[in-house]
Each structure stands twice: as C-alpha cells, then as structure tokens.
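Structure assessment
As a plain string of letters, each chain reads:
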Amino acid sequence: MKAVSFERSGNVGNIVLVDPPDHALSRTFADDLLAAVHEASGSDICIDHERC
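As the structure is a prediction and not an experimental result, all values here were calculated from the model.

Tracing the backbone through its elements, the reader meets A36 in helix α2 (residues 27-41). Between the C-alpha atom of A36 and that of V4, which follows or precedes it by 32 residues, the distance is 6.7 Å.

Attention now moves to α2. With 15 residues, α2 should reach 21 Å at 1.5 Å per residue; the first-to-last C-alpha distance of 21 Å fits that figure. Looking only at α2, the buried set comprises F29, D32, A36 and A40. Looking straight down α2, one finds its buried side chains confined to an arc of 75 degrees; they lie on one side. Exposed residues on α2 whose side chains face more than 90 degrees from its buried face are R27, H38 and S41.

A3, V4, F6, F29, A36, A40 and I45 together form the largest nonpolar core, which totals seven residues. Secondary-structure elements contributing two or more residues to this core are β1 (4-9) and α2. Looking at this core element by element, the count peaks at three residues for α2. Ignoring any residue separated from it by four or fewer positions in sequence, one finds A36 in contact with V4, S5, F6 and I15.

With that settled, the discussion passes to the side chain of D32. Topologically, D32 is positioned in helix α2. Once residues within four sequence positions are removed from consideration, D32 is found in contact with K2, A3 and V4.

Moving on: the pattern of salt bridges. Within the structure shown, the criterion is met by one salt bridge. Note that D31 and R27 form a salt bridge whose closest N and O atoms lie 3.3 Å from each other. Here the residue D31 and the residue R27 both occupy positions in helix α2, the gap between them amounting to four residues, near one helical turn. The class of R27 is exposed, set by a relative accessible area of 65%.

Calculation rules
Residues numbered from 1 in each chain as written. Predicted model: local features only at pLDDT ≥ 70, side-chain atom pairs only at ≥ 80, totals over all residues. Heavy atoms only, no water. Helix = DSSP H or I, 4+ residues; strand = E, 2+ residues; numbered from the N terminus. Expected span 1.5 Å × (residues − 1). Buried < 20%, exposed > 50% of the residue type's maximum accessible area, 1.4 Å probe, protein only. Arc of directions from axis to C-beta. Core = buried A, V, L, I, M, F, W, Y, C linked by side-chain atoms within 4.5 Å. Contact = heavy atoms within 4.5 Å. Salt bridge = Lys/Arg side-chain N within 4 Å of Asp/Glu carboxyl O.

Dropping the structure here:
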C-alpha cells in the first residue's frame, strides 16, 4: 500500500496521506508524495476554484 496517493472525482483532486504518523519522514513517504504531486500536476484537475 502506498503511503500517499492521488485520487480524483471529476475536476477535484486530492492527495491522500495514509496513516500519516506511521509514514512521517520515511523514504517511502517522500517517494509516494513526489509521485502523487507529479500525477496531480499532470492531470486536468482545476487548481484554482475561481477559474473552474
């Protein structure tokens, strides 16, 4: 199971932390967070609610 994931519903995206205290500052957490941020940035989600 990933420590961090990107989930979306329509134009809304969420970066979800799984069991945050258990994964704090681990290499797996950092790698999964980076992957989730890259996935979010490459998606077509709306990041500015005033422009959606």
